[in-house]
There are 2 protein chains.
Amino acid sequence: MTGSFSFTLMKSDAGARLGEIVTPRGKIRTPAFMPVGTAATVKAVYTDQLEAAGADVILANTYHLMLRPGAERVAKLGGLHRFMRWDRPILTDSGGFQVMSLSKLRRITDAGVTFQSHLDGSTHELTPERAIEVQCLLGADIQMQLDECVALPALHKETSAAVERSLAWAERCKLAFARYATRGQALFGIVQGGTDAELRQRSARALVAMDFPGYAVGGLAVGEAPEVMLETLALTAPLLPAEKPRYLMGVGTPTDLIEAVARGIDMFDCVLPTRSGRHGQAFTWGGKINLRNARHADDPSPLDPHSSCPAARDYSRAYLHHLVKSEEYLGAMLLSWANVAFYQELMAAMRTAVAEGRFATWASETKARFAPGILAPLNAAALPRS
Amino acid sequence: MTGSFSFTLMKSDAGARLGEIVTPRGKIRTPAFMPVGTAATVKAVYTDQLEAAGADVILANTYHLMLRPGAERVAKLGGLHRFMRWDRPILTDSGGFQVMSLSKLRRITDAGVTFQSHLDGSTHELTPERAIEVQCLLGADIQMQLDECVALPALHKETSAAVERSLAWAERCKLAFARYATRGQALFGIVQGGTDAELRQRSARALVAMDFPGYAVGGLAVGEAPEVMLETLALTAPLLPAEKPRYLMGVGTPTDLIEAVARGIDMFDCVLPTRSGRHGQAFTWGGKINLRNARHADDPSPLDPHSSCPAARDYSRAYLHHLVKSEEYLGAMLLSWANVAFYQELMAAMRTAVAEGRFATWASETKARFAPGILAPLNAAALPRS
C-alpha cells in the first residue's frame, strides 16, 4: 500500500458537508457511516455483504481486540484487515471508552488506565502510548487518541480535568503515532468538554493547534438530553477546521445522523443497525419495523421492494417474522444485513441531497418517516458518573 | 412445474450405487446428503451457499413447520420453497419421529398421534392423512409416510406392533397422497422392524407390494450399537427393489455415510454438519477439527486450501478459533457453511469413486482419515423406550 491520507470537502449545503477521505486502502465517501465490527466481525454479517452494501470503512474496538485475540497476535497474523478479510479502511477507537464502560475495577491516572479484563479478570494497562501501539499493531487506517470521557451530567471541575488530561494524552498519542504508524495512516484528536461551551472551545483550540488530520467530537450521547447534544454539536463543529473530517462517535438513529450531518458532521459509527437486527428490528425508508409483531405473520411483502440489498428485497416479512420468532440465526443475519444496507442507503441519500443542493428539504422529509430521534445513549449504560 | 418423479440407477460398485433422481424441481445426484432445514432454514447458512456447495435437495421438518409458522400459513404464502427461497427439491419427514422425540404428553393409537406442542403446550393431532396433507401444504417434493419408530433395544412384540401399525399407516398415507399431491411429487414408504431380520423382511415386503417410488430405512440410529445398525442395514437394503432410491434417515458422520453407501443406501440427512458448526467443529478431508482448541490460535492456515467453499478456503484457523471463542455469529456461520460444503464434497467424491469403479479403495482410504465412525445416535435422545 502506498499513498497518504487526505480529505477533500467538495460541497456544503444547509450545514451538511459532502466530502471524500482518501486512504491507501481506498476512499471513504462522507458523510459516512461505519458499521461496528467490535471483535473483528460486524456481527452476523459477511464482509462481502458490507462491501456490496457500500460500506467504505468499518470500525473495530481496540479494547476487545487487545484482550482477545490480542494485538500482537493479530499483527503476527498479518494485521486486522487480513485476519477478518476486509481490505477497505478500518477505524479503531482508542479503547479508552470501553475500558470505562466494560472493564471491572479500573483506575485512571495521568499515566493512563489500569483495568481488569471483563473476560477473565486479568490486569492490563492502557496508556496513550500503548493505545497507539495497539492500533498500529492492528493496522488501523484511522486511529483515535486515548481520551477521558465523563458521563453526563458531570461537575464542571471533573469535565475540565478530563479535558486537560485528554489534551495531554493527545500530545503523547501524537508522539507515539509518529513512532509506530506507517505512511497513510491517520490519527484523530477527540474534542471533550461535556456540554460546556468554554471547555469545548478550550479542547478544540488546543487540538487544532496540534494539527490532527481529523477530529472526533467525543463525550456526547452519554446521558444528556437530545437537544443538549445537538446544541453542543452546533457549537463544537464550527471550532474545527473545515478542511478536516469530523467524526461523531457512537451515534445513532437515522434521525440522529441527519441532525448531526446538518450540523457539519462527516463520520459516524453505531452498533444500532446490527444490534437492532439481532433483536428483530428493521430500519427501512418506511420507518422502523418490529418483526416480532404478529401483524407480519402473513405478510408476503419484503421490507423494501426497491432496496438493492437482497435481505431487504427478497424475503417476505412473514418469513422474517417466522425466523425472529423461532430465534433462528438467519433472522439475525438477514436483519443485520438489511439494516447495515439501509444505513448505507441513508448516507448515500444524504450525499446526493448535498450534491444537489437540497439537503434541508430532504432532511425534513426524511425525518418525518421516523419516530422522533432519540439521541440514543447506547454507549452510556455503564460509564462512571463523576 | 411439470414432469414426473423418477430414479435411474447408473452404476453399482462394491455395494455402492450411483444414481439420479429426477423431480420437477431438479435432479438429485445420489448418493445424496440433504442438509437439514428444520424450521425452514438450514441453521446459519444462506440458501445460495447451499446451492453453491452443490446441495441438490434439503430436508425440512413437518413437526416444526406445522406448529410454527403453520402449514396452512406456508401454503397461503406460496409454499415452503418460496417462503424460504429455495427452488430445488425439498424432502419432508412425516412429523412422527419428532412428535415422539420433542413433544410433551403424546398418545399414540391406530388412528394417529395426539400430542402437545413443545412450544406452547397446545394440543395437535397427527394422523397419516394429516401428515400427508401438511407435507402437501408445504409443497414437499419428496414426502414420507407417517410411521412408528421405537427406540432400541425394544421388545419383539413392541417392534412387531410398530411394524404393523406403520404398514397400516403406509396404506392410509398412500390414499391421502393420491388425494392431496400434485404431479411429480413422491411419497416414500419407511421400513421398520428394529434389528429383527424377520420383522424387517415383513415390513419391506409389504411396502414393496404397495409400490412406493422410494423407500426409507427407519428405526435405526436410535440407540443400537454401530455394528448392529450396519448389520441391519446390510440385511434390509437387499429387500428393497434396486430401481428405487433408498434413504437412511438421520445419519450420520462421514464414516457412517461411507459405510451405509457401501451397503446400498442412496440418500441421507443429518443435523451433524450444522450442529457441529455451531459448536466449533469442522469436518475436513484431514479429519474433524475442534476450533475451540487453543492450538489453532496462531494458525494462519485455512481449514482446507483446496476447498471450493470460501468458508473452508479463505479464513484462517486463527480467525475461526477467535470467532468461536468469542461466540460470534460469524463463527457458527462459517463453520456450518464449511461443514455443509464438506458433506457435499464427500458425496461427490463417493459418486466419482463409484463411477470410476474404485469405491472400495476410496472408502477404506477415506475412512482412515476419520476417527472410528460412531453411528451417531443424535436423534435418539428423547425417544420413548418400550
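Residues numbered from 1 in each chain as written. Chains lettered and ligands numbered in written order. Predicted model: local features only at pLDDT ≥ 70, side-chain atom pairs only at ≥ 80, totals over all residues. Heavy atoms only, no water.

Asker: Is there a simple way to explain the overall build of chain A in this structure?
Answerer: Counting its regular elements, chain A contains 15 helices and 16 strands. Relative to the compact-globule value of 21 Å for 386 residues, chain A shows a C-alpha radius of gyration of 20 Å, a close match. Summarising its shape, the C-alpha atoms of chain A cover approximately 60 × 45 × 45 Å along the three principal directions. Counting every position in chain A, which comprises 386 residues, the buried fraction comes to 61%. Accessible surface for chain A amounts to roughly 13,900 Å². Of this, 51% is attributable to carbon and sulfur atoms. In chain A, the 41 positive side-chain charges and the 39 negative ones have mean positions that sit 3 Å from each other. (Helix = DSSP H or I, 4+ residues; strand = E, 2+ residues; numbered from the N terminus. Rg over C-alpha atoms; globule rule 2.2 N^0.38 Å. Buried < 20%, exposed > 50% of the residue type's maximum accessible area, 1.4 Å probe, protein only. Areas by Shrake-Rupley, 256 points an atom, 1.4 Å probe, with all protein chains shown as cover. Lys, Arg positive; Asp, Glu negative; His and termini not counted. Charge placed at Lys NZ, Arg CZ, Asp CG, Glu CD.)

Asker: Just checking my understanding: could you explain the interface of chain B and chain A for this structure?
Answerer: When the parts of a complex come together, some accessible area is lost, and that lost area is often used as the size of the interface. Listed by partner, the interface residues are 38 residues for chain B and 38 residues for chain A. Counting the surface lost from both chain B and chain A, the interface buries some 3,300 Å², and carbon and sulfur atoms represent 59% of this. When the buried area of chain B at its contact with chain A is split by residue, B:Tyr46, B:His322 and B:Tyr329 rank highest and sum to 21% of it. Seen at the junction of chain B and chain A, the total is six salt bridges. A salt bridge links A:Asp298 to B:Arg73; its shortest N-O distance comes to 2.7 Å. For the pair chain B and chain A, the interface holds 16 residue pairs in polar contact (both at pLDDT 80 or more). The element contributing the most residues to the side of chain B that touches chain A is helix H14 (residues 329-355) of chain B, with six residues. Its residues assigned to classes, the side of chain B that touches chain A comprises 22 nonpolar, six polar and 10 charged. (Contact = heavy atoms within 4.5 Å. Buried area = accessible area lost by both parts, 1.4 Å probe. Salt bridge = Lys/Arg side-chain N within 4 Å of Asp/Glu carboxyl O. Polar contact = N/O pair within 3.5 Å; in protein donor to acceptor, adjacent residues only side chain to side chain. Nonpolar A, V, L, I, M, F, W, Y, C, P; charged D, E, K, R; others polar.)

Asker: Just checking my understanding: could you explain the pairing of strand S4 (residues 32-35) of chain A for this structure?
Answerer: Residues and elements named next belong to chain A. Residues Ala32 and Met34 of S4 are buried on one face, and the alternating residues Phe33 and Pro35, pointing to the opposite face, are buried as well. As paired strands, S4 and strand S14 (residues 267-270) are joined by four bridges and run parallel to one another. Counterpart to Ala32 in the pairing with S14 is Met267. (Pairing = 2+ DSSP bridges.)

Asker: Which parts of the structure should I look at to understand unusual backbone geometry?
Answerer: With glycine set apart, most residues show a phi of negative sign, and most peptide bonds adopt trans. All names here are of chain A. Across the junction of Thr30 and Pro31, the peptide omega takes the value 5°, indicating a cis bond. Tracing the chain through its elements places Pro31 in the loop between strand S3 (26-30) and S4. Note the cis peptide between Leu152 and Pro153, where omega equals -5°. As for its position among the elements, Pro153 is in the loop between strand S10 (142-144) and helix H7 (156-180). In this structure, Ala40 takes a positive phi of about 70° despite not being glycine. Here Ala40 is to be found in the loop between S4 and helix H1 (47-53). Take Ala40: its relative accessible area is 0%, and that puts it in the buried class.

Asker: Which parts of the structure should I look at to understand the sheet that holds strand S7 (residues 104-108) of chain B?
Answerer: Adjacent strands of a sheet form backbone hydrogen bonds with each other and so pair up, either parallel or antiparallel. Residue and element names in this part refer to chain B. The strand order across the open sheet built from three strands is S7-S8-S9, with neighbouring strands paired in antiparallel fashion. Strand pairing shows two members of the sheet lacking a second neighbour, S7 and strand S9 (123-126), which therefore form its edges. The sheet shows a mean angle of 15° between the axes of neighbouring strands, taken without regard to direction. (Axes fitted to C-alpha atoms, helices over the stretch in contact; angles between N-to-C directions.)

Asker: It is not clear to me how the relation of the copies chain B and chain A should be interpreted in this structure. Could you clarify?
Answerer: Two chain copies here: they are related by a rotation about an axis and a translation along the same axis. Rotating chain B by 180° and moving it 0.0 Å along the rotation axis overlays it on chain A with an RMSD of 0.0 Å. Such a turn and shift between the copies fits a two-fold axis. In terms of proximity to the rotation axis, the leading residue of chain B is B:Tyr329, whose C-alpha is 3.9 Å off the axis. (Least-squares fit on C-alpha atoms with pLDDT ≥ 70 in both.)

Asker: Explain the packing of aromatic side chains here, please?
Answerer: Aromatic ring pairs are reported here in terms of the distance separating the ring centres and the angle at which the planes meet. In this structure the tally under the stated criterion is 26 aromatic pairs over all chains. Ring centres 5.5 Å apart and planes at 65° place the aromatic pair A:Tyr329 and B:Tyr329 in the edge-to-face group. With A:Tyr329 in helix H14 (residues 329-355) and B:Tyr329 in helix H14, this pair bridges two chains. Among the residues examined, A:Tyr329 registers a relative accessible area of 24% and is labelled partly exposed. A centroid spacing of 6.1 Å and a plane angle of 15° characterise the contact between B:Tyr315 and B:Tyr319, whose relative ring orientation is stacked. Relative accessible area serves as the criterion here: at 8%, B:Tyr315 is assigned to the buried category. By relative accessible area, which is 0% here, B:Tyr319 ends up buried. Positioned above the aromatic ring of A:Phe212, the side-chain terminus of A:Lys174 is 5.8 Å from the ring centre. (Phe/Tyr/Trp six-rings, centres within 6.5 Å; stacked < 30°, edge-to-face > 60°. Lys NZ or Arg CZ within 6 Å of the ring centre and 35° of its normal.)

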